[in-house]
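Descriptive structure summary
Here's the letter readout for the chains.
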Amino acid sequence: MNEKTKKLINNAEKSAQSIFEAIDETALANTQKVLTAFKNNRISARHFAPTTGYGYDDVGRDALSAVFAEVFNAESALVSPNLLSGTHTLTVALFGLLKTGDTLLCASGAPYDTLLEIIHGENNGSLLDYGIKTDTIDLKNNDFDYDSLAVALQKEPTVVFATRSRGYSWREAFSIETFSKFCRFVKEKSPKSIIFVDNCYGEFVSEVEPTAVGADVIAGSLIKNPCGGLAPTGGYIAGKTAYVNSIANRLTSPSIGAEVGSYAATYRPFYQGLFLAPTIVANALKGSVLLAFSMENLNYEVSPAANLRPNDIIRSVKFNTSEELISFIQSIQYASPVDSYVTPEPWDMPGYEDKVIMAAGTFVQGASIELSADSPIRAPYIAYVQGGLTYEHCKIAIAEAIDRLTAAN
Ligand SMILES: *Cc1c(COP(=O)(O)O)cnc(C)c1O
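These lines cover the structure that appears in this document, whether it is placed above or below. Not measured: the values here are computed from a predicted model.

Calculation notes
- Residues numbered from 1 in each chain as written.
- Predicted model: local features only at pLDDT ≥ 70, side-chain atom pairs only at ≥ 80, totals over all residues.
- Heavy atoms only, no water.
- Pairing = 2+ DSSP bridges.
- Helix = DSSP H or I, 4+ residues; strand = E, 2+ residues; numbered from the N terminus.
- Axes fitted to C-alpha atoms, helices over the stretch in contact; angles between N-to-C directions.
- Contact = heavy atoms within 4.5 Å.
- Near = heavy atom within 4 Å.
- Polar contact = N/O pair within 3.5 Å; in protein donor to acceptor, adjacent residues only side chain to side chain.
- Areas by Shrake-Rupley, 256 points an atom, 1.4 Å probe, with all protein chains shown as cover.
- Salt bridge = Lys/Arg side-chain N within 4 Å of Asp/Glu carboxyl O.
- Buried < 20%, exposed > 50% of the residue type's maximum accessible area, 1.4 Å probe, protein only.
- Phe/Tyr/Trp six-rings, centres within 6.5 Å; stacked < 30°, edge-to-face > 60°.
- Lys NZ or Arg CZ within 6 Å of the ring centre and 35° of its normal.
- Expected span 1.5 Å × (residues − 1).
- Core = buried A, V, L, I, M, F, W, Y, C linked by side-chain atoms within 4.5 Å.
- Disulfide = S-S within 2.5 Å.

A sheet is described by the order of its strands in space; here seven strands give the open sequence E1-E7-E6-E5-E4-E2-E3, paired in mixed fashion. Every interior strand has two partners, whereas the edge strands, strand E1 (76-80) and strand E3 (133-136), have only one. Each strand of the sheet is rotated relative to its neighbour by a mean of 20 degrees, with strand direction disregarded. The sheet contact formed by E1 and strand E7 (residues 235-239) spans five bridges and is antiparallel. Each bridged residue has a counterpart across the sheet, and for Val 79 the counterpart in E7 is Tyr 236. In the packing of helix H4 (residues 86-97) onto the sheet, contacts are made with strand E2 (103-106), strand E4 (159-163), strand E5 (194-198), strand E6 (217-221) and E7, and the angle to E5 comes to roughly 175 degrees.

Its place among the elements puts Ile 326 in helix H10 (residues 322-334). Each C-alpha atom of the pair Ile 326 and Glu 345 lies 7.8 Å from the other, and the pair is 19 residues apart in sequence. Sequence-distant contacts of Ile 326, that is, excluding residues within four places in its chain, are made with Pro 346, Ile 357 and Ile 377.

Taken together, the neighbourhood of the ligand is formed by Ser 85, Gly 86, Thr 87, Leu 90, Tyr 112, Thr 163, Asp 198, Cys 200, Tyr 201 and Lys 224. Contact between the ligand and Thr 87: an oxygen atom at 2.5 Å from a side-chain N or O atom of the residue. Asp 198 is positioned such that a nitrogen or oxygen atom in its side chain is 2.6 Å from a nitrogen atom of the ligand. Protein chains bury 88% of the 380 Å² of accessible surface belonging to the ligand in isolation.

Here we come to the pattern of salt bridges. Overall, the coordinates contain twelve salt bridges when judged by the stated rule. Between Glu 209 and Arg 164 there is a salt bridge, and its shortest N-O distance comes to 2.9 Å. You can see Glu 209 sitting in the loop between E5 and E6 and its partner Arg 164 sitting in the loop between E4 and helix H7 (176-189), a full 45 residues away along the chain. By the burial criterion, Glu 209 is buried, and Arg 164 matches it. Across the pair Glu 301 and Lys 318 runs a salt bridge whose closest N-O atoms are separated by 3.6 Å. One end of the pair, Glu 301, is in strand E8 (residues 301-303); the other, Lys 318, is in strand E9 (residues 314-319), and 17 residues separate them in sequence. Look at Lys 318 and you get partly exposed, because its relative accessible area is 24%. Salt bridges sharing common partners tie together Arg 166, Glu 172 and Asp 312.

Right, let's talk about the sheet that holds strand E11 (residues 372-376) for a bit. Backbone-to-backbone hydrogen bonds pair the strands of a sheet. The strands run either parallel or antiparallel. The five strands lie next to each other as E8-E9-E12-E11-E10, forming an open sheet whose pairing is antiparallel. Every interior strand has two partners, whereas the edge strands, E8 and strand E10 (356-359), have only one. Averaged over all adjacent pairs, the angle separating strand axes in this sheet is 20 degrees, with direction ignored. Sheet topology places E10 next to E11; four bridges connect them, and they run antiparallel. Of the residues in E11, the one forming a bridge with Ile 357 is Ser 375. Here H10 sits on the sheet and contacts E9, E10, E11 and strand E12 (381-386); the angle it forms with E10, its principal contact strand, is near 30 degrees.

Its place among the elements puts Ser 288 in helix H9 (residues 268-297). Considered as a pair, Ser 288 and Ile 398 are 110 residues apart in the sequence and their alpha carbons are 9.5 Å apart. Aside from chain neighbours lying at most four places away, what touches Ser 288 is Ile 313, Ile 314 and Arg 315.

A few words now on the packing of aromatic side chains. What the rule picks out here adds up to 23 aromatic pairs. Three or more aromatic residues joined by ring pairs form one cluster here, namely Phe 144, Tyr 146, Phe 174, Phe 179, Phe 182 and Phe 185. Taking the ring centre of Phe 20 as reference, the NZ or CZ of Lys 286 above it sits at 5.7 Å.

Looking now at helix H3 (residues 59-71). In this model, H3 (13 residues) spans 18 Å end to end at C-alpha, consistent with the 18 Å of a helix rising 1.5 Å per residue. Where H3 is buried, its residues touch helix H2 (17-40), E1, E7 and H9. You can read the cap of H3 off the contacts: a side-chain oxygen lies 3.1 Å from the backbone nitrogen of Gly 60, and it is on Asp 58. At the exit of H3 stands Asn 73, carrying a positive phi of roughly 50 degrees.

On to the nonpolar core. Counting residues in hydrophobic clusters, the biggest one holds 99 residues, and the most contacted among them are Phe 68, Phe 144, Leu 149, Phe 182, Met 295, Phe 319 and Phe 328. For this core, the leading source of residues is H9, giving 15 residues. Discounting chain neighbours no more than four positions away, the residues touching Phe 182 are Ala 107, Phe 144, Tyr 146, Leu 149, Val 160, Ala 162 and Ile 195. Counting residues in each nonpolar core, the second largest holds 26 residues, with Leu 90, Leu 115, Ile 132 and Val 244 among its members.

Time to look at the state of the cysteines. One pass over the structure, following the stated rule, counts zero disulfides. Cys 183 takes part in no disulfide bond, and the closest cysteine sulfur to it belongs to Cys 106, at a distance of 15 Å. Unpaired in this structure, Cys 200 has its nearest cysteine sulfur neighbour in Cys 227, at a distance of 13 Å.

Have a look at this one:
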């Protein structure tokens, strides 16, 4: 890195110290929580052993779910390599919770892009095709719109759904305090509604998860925050036992639920990944805070603003031109441990209206707990940057990106 960049990064690092300390405290508390769950469940080498066939009495699978449940303050959990992605996990959960004639209320605006077809699609096996109706309430000033919610909750929707992270929008992710208030409000107005939270990108960012403040069910991807970059695939669902059981019946078969499911490779990466996750999430968060201060120093707008404690691992950076945006994303790719020689280009990704450019030089394909960045090519030119297994890697990548950006300007 050149001298100017070095100075900029050093200054950013100094500005970040108090947020870094807060992040470290959270990592400590979460590591304690994970460690306690491992101890209480007497995890040992036998839990890592592969299984085959039906997987009856698969202790590795069952104990992994028990550990997740404890860490997430939930009665039960379903953790499985057979949940294929975040989208699949959320799909299985929605279909497990909703039946024909039921209603879904999306309370934090439109859900994540990949869920739109699952909810509203026509003749593709969507919720709509199965006679499940969905209402959506947009956010108001980046918070829940409580007035509109109060009206919608009079109809007692079966499931009230909210997304913790920002997805591809220019807003801060919700804090746990915001969720706590939201859950109290929903329970007061419509006690029977099931509160279901898309927890992707939020795990271990705070000391408690939405399930600890009133959410009935949460779900997420194992190749994001909760498995420290080690899980090769998988998803998790955690929450009230009755709901987790319904979802397990949907994942496998009615009445069979979580009793079957083998995994012919070792479960060790899931356990070890969960053990490392609080630290890895802290590394990613620190990288994100460093990026924010560095870019603000160069007069780029970032969200959340650098001096705010982040509530998820994504940082949005607004660039002036598509050239700057593309250059930045390419720099992240060049600074990756895998496929560093590849130049990402904008392409027509299925399901997106604009061309999308992505940097993901990751060990696990598409794992966004690893340093990655992506963006639709449209004004305003916003890069969404997330992950980073080590703070050092984030720092080097940010420096290289800034070197290139300032050289071009
Ligand atoms: C990543 C993500 C998803 C979808 O997960 P995939 O693994 O990409 O299918 C859903 N919701 C949010 C908020 C996400 O960040």
